[in-house]
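Summary of the model geometry
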Amino acid sequence: MSGLLGARDCPGLGEGSGLRSPLAIGFRKPLTEAQFRQLFGNAEEEPELPEEPRWSGLHRLWRRQASACSGSGAWRLLQARLPPLRWLPGYRWKAWLLGDAVAGVTVGIVHVPQGMAFALLSSVPPVFGLYTSFFPVLIYTLLGTGRHLSTGTFAVLSLMTGSAIERLVPEPPGGNLSGIEREQLDAQRVGAAAALAFGSGALMLAMFALQLGVLSTFLSEPVVKALTSGAALHVLVSQLPSLLGLPLPRQIGCFTLFKTLAVVLTALPRSSLAELTISALSLALLVPVKELNVRFRDRLPTPIPGEVVMVLLASVLCFTSSLDIRYNVQIVGVLPRGFPQPLFPNLTELPGILADSLPIALVTFAVSTSLASIYADKYSYTIDSNQELLAHGVSNLISSLFSCFPNSATLATTSILVDAGGNTQLAGLFSCVIVLLVLLWLGPFFYYLPKAVLACINISSMRQMFFQMQELPQLWRISRIDFAVWMVTWVAVVTLSVDVGLAVGVVFSMMTVVCRTQRVQCLALGLAEGTELYRPLRESHKFLQVPGLCILSYPTPLYFGTRGQFRRFLEWHLGLGERGKTPKPDGPPDAVAEPVRVVVLDCSGVTFADTAGAREVVQLASRCRDAGIHLLLAQCNASVLGTLTWAGLLDVVTPEELFVSVQDAAAHALERLELIGPKTCTVWV
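Residues numbered from 1 in each chain as written. Predicted model: local features only at pLDDT ≥ 70, side-chain atom pairs only at ≥ 80, totals over all residues. Heavy atoms only, no water.

1. Description of the overall build of the chain
- Assigned secondary structure in the chain consists of 29 helices and 11 strands.
- Counting across all 685 residues of the chain, residues that qualify as buried make up 50%.
- Contacts spanning at least 24 positions in sequence make up 82% of the contacts within the chain whose residues lie at least 6 apart.
- When the accessible surface of the chain is totalled, it reaches about 32900 Å², and 62% of it is carbon and sulfur. (Helix = DSSP H or I, 4+ residues; strand = E, 2+ residues; numbered from the N terminus. Buried < 20%, exposed > 50% of the residue type's maximum accessible area, 1.4 Å probe, protein only. Contact = heavy atoms within 4.5 Å. Areas by Shrake-Rupley, 256 points an atom, 1.4 Å probe, with all protein chains shown as cover.)

Written as structure tokens, this is what we have:
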């Protein structure tokens, strides 16, 4: 309301005032909640059924199971759990097959060097990154609902896995290990990584069994983006020893980033000039190629495989120049052919790794679901968050039997798959074919690949995560609270660790939601001129205001955290406090305060109420009755109304005082005021 433009008294409701009150309109008679249900029924309640015999609950359960086990029910269940049964019959072979094939081959080519690079980030030998780029992709193709999602090794999960492995299986002091000791250490670390994948997969399957896919809504977009952006900085710093050729132990725990920087700066004079040169040349090729792929994605038929080109050039250079012998350059070495023998993880380690598996499972689910939702919205289809839990849970669980480390959807390869023309999950099969060729026949060609090149691939793949910080100015303009959530999460991830930062971000995000529910205002409503709508009095409209009538709206859930605020607002508006008179915050400054006779409480914004909130409403109704104020409730949903009823509302309020709309309640209030005595209305702006 900009200010008082004018006020005039009118002789009565609807008598020459130019405003149509509900009494003058002549619409239907106001309906109470009970009358509305009697006339139209209650959509939220099931129709009344004949009385069932004893053990009716078991009988209903048996009928549901029997219907699910019928032929049509079993087929629907099978289609829900195996999505290819739904989309494969409608697959457009001529239009989609070429795009899926090209996209799958392109992603498979990227998976090979990226998988080996992320394996080193996970503190396991490079070949296990190839296993993790094969089995999870194959399983997600059969179980996933994201048509444009690419799964496999992910930098954030690899970083979290590597930190956990370094703590669970630390390298002996000194680091001078023989070949046999190095193999034993690698075998222990591979077992620990597989146990982490098994634990995270089991947790996601448990979440699927409990239908907890809704948990994805608690991981807001600012939290996920800040998490991945902060983890990208951890990846960059953790790869500095490999870039510089420094055989330094990996730092673990909180403040890892700063401890790693301190150790690297101390050991900087011992850097290997050969590996530093290889790293500089690799980044000089990879970074511009990444930029070209982004800027000309619409013109290029497929992204330029800069990682593959760099791997081939570096391998040839190292082989022809004998860099591993002459300058002691660290190389990948032998990549075993074929697949590892299936091995069940050691369950004795499972209780000790659950604390590490839980954040890994949450990050897997959060990143995968949010990424799948982005492309589902873009291409107009839907995903099932609970089915995504099943897909990633089974993917991690089964792949752990083949010595794979934790995996999820990946930002970089998903973007490549979409840019290359991928249409469905079938592209994952073509990707698996490329990785299979490397595992069976092409592995020896990577023997001389310098590990410094893999570190550069790790860093260059973080480009998309680093550039998420460009969204901060826009986020500041849209929502300061979301900006604060982003910054708090990012600072916590960078300064502490990825898993602790995730916990801090989620808790802070939920705290902002709770705080926002406690910052709302109780709005006074009035009948806008020329309409039948009741709008807040602060808006720039002409209103009909009737002395003795107060219409209030409380637009937030009513629970233990807001009950005190609710009580203060209502006391202030109704004059139930110490002053004993009704304030006039929204009316003319010189208006004479008149005691409230009838109050209408609009509960449409109260989405839920707990025991404390319901008791507060009952106490308010009792105080209004003692003060001679007639309380009417409007637009209570079934859940809130049920809670209020159990709290004893009907002991102080009759069913005739519960209405389905504010208009009905206001019309009833005006009738009641007319019975009390003729009133004049005031029109003000």
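2. Some words on the nonpolar core
- Formed by 77 residues in total, the largest nonpolar core has its most connected members in Met 116, Val 124, Val 156, Val 363, Phe 446, Leu 449 and Val 498.
- Aside from chain neighbours lying at most four places away, what touches Val 124 is Ala 119, Ile 165, Arg 189, Val 190, Ala 193 and Phe 405.
- Ranked by size, the runner-up nonpolar core spans 34 residues in total, among them Tyr 554, Cys 624, Leu 641 and Val 652. (Core = buried A, V, L, I, M, F, W, Y, C linked by side-chain atoms within 4.5 Å.)

3. Regarding the side chain of Ser 272
- By secondary structure assignment, the location of Ser 272 is in the loop between helix H13 (256-267) and helix H14 (273-295).
- Classification of Ser 272 as buried rests on a relative accessible area of 14%.
- Setting aside residues up to four positions removed in sequence, Ser 272 forms contacts with Leu 244, Gly 245 and Tyr 327.

4. Quick word on the environment of Ala 314
- Looking at where Ala 314 falls in the secondary structure, it is placed in helix H15 (residues 306-321).
- The class of Ala 314 is buried, set by a relative accessible area of 5%.
- The sequence separation of Ala 314 and Leu 449 amounts to 135 residues, and the corresponding C-alpha distance is 6.2 Å.
- Beyond its immediate chain neighbours, meaning those up to four positions away, Ala 314 contacts Tyr 448, Leu 449, Pro 450 and Val 453.

5. Focus: the packing of aromatic side chains
- Overall, the coordinates contain 15 aromatic pairs when judged by the stated rule.
- Here the aromatic rings of Phe 134 and Phe 135 are separated by 5.1 Å at their centres, their planes lie at 85°, and the arrangement is edge-to-face. With respect to burial, Phe 134 and Phe 135 carry one shared label: buried.
- Between Phe 134 and Phe 339, the ring centres sit 5.2 Å apart and the planes meet at 35°, which makes this aromatic pair tilted. (Phe/Tyr/Trp six-rings, centres within 6.5 Å; stacked < 30°, edge-to-face > 60°.)

6. Considering the UniProt feature "transmembrane region" (unreviewed entry) in the chain
- Per the UniProt record, "transmembrane region" (unreviewed entry) is annotated on residues 93-112, 124-143, 190-214, 350-376, 426-449 and 483-511.
- Across residues 190-214, helical content stands at 80% and strand content at 0%; the span's end C-alpha atoms are separated by 33 Å.
- Regarding residues 350-376, the helix share stands at 100% and the strand share at 0%, and the terminal C-alpha atoms are separated by 35 Å. (UniProt positions renumbered as here; feature names shortened; annotations may be inferred.)

7. Observations concerning the pairing of strand S8 (residues 598-602)
- Across the 5 residues of S8, 5 count as buried, placing the element largely inside the fold.
- Of the two faces of S8, both are covered, the one formed by Val 598, Val 600 and Asp 602 as well as the one formed by Val 599 and Leu 601.
- In terms of strand pairing, strand S7 (residues 549-553) meets S8 through 5 bridges, oriented parallel. Within the sheet, the bridge partner assigned to Cys 550 lies in S8 and is Val 599.
- Pairing analysis gives 5 bridges linking S8 to strand S9 (residues 630-634), with the strands arranged parallel. Each bridged residue has a counterpart across the sheet, and for Asp 602 the counterpart in S9 is Ala 634. (Pairing = 2+ DSSP bridges.)

8. Overview of the side chain of Ser 415
- Counting through the fold element by element, Ser 415 comes out in helix H19 (residues 411-419).
- Overall, the relative accessible area of 11% leaves Ser 415 in the buried class.
- When residues no more than four places from it in sequence are discounted, the contact partners of Ser 415 are Arg 297, Tyr 375 and Gln 464.

9. With respect to the pairing of S7
- Taken across its 5 residues, S7 has 5 buried, putting it largely inside the fold.
- By the alternation rule, side chains of S7 split into Leu 549, Ile 551 and Ser 553 and Cys 550 and Leu 552, which are all buried.
- Sheet analysis places strand S4 (residues 523-528) next to S7, joined by 3 bridges and oriented antiparallel. From the neighbouring strand, Leu 525 faces S7, where its bridge partner is Ile 551.

10. Section: the pattern of salt bridges
- Scanning the model with the defined rule gives 12 salt bridges in all.
- A salt bridge links Glu 471 to Lys 225, with the shortest nitrogen-to-oxygen separation between them at 2.8 Å. Residue Glu 471 is located in the loop between helix H22 (463-466) and helix H23 (472-478), and its partner Lys 225 is located in helix H11 (residues 221-238); the two are separated by 246 residues in the primary sequence.
- Looking at Glu 471, the relative accessible area reads 35%, which means it is partly exposed.
- Between Glu 291 and Arg 463 there is a salt bridge whose closest N-O contact spans 3.1 Å. You can see Glu 291 sitting in helix H14 and its partner Arg 463 sitting in helix H22, a full 172 residues away along the chain.
- Since its relative accessible area comes to 26%, Glu 291 is described here as partly exposed.
- Bridged by salt links that share partners, the residues Glu 221, Lys 225 and Glu 471 form one connected network. (Salt bridge = Lys/Arg side-chain N within 4 Å of Asp/Glu carboxyl O.)

11. Describing the environment of Cys 603
- Inspection of the secondary structure assignment puts Cys 603 in the loop between S8 and helix H27 (611-626).
- With relative accessibility at 7%, the residue Cys 603 sits in the buried group.
- In contact with Cys 603, not counting residues within four places along its chain, are Leu 633, Ala 634, Gln 635 and Cys 636.

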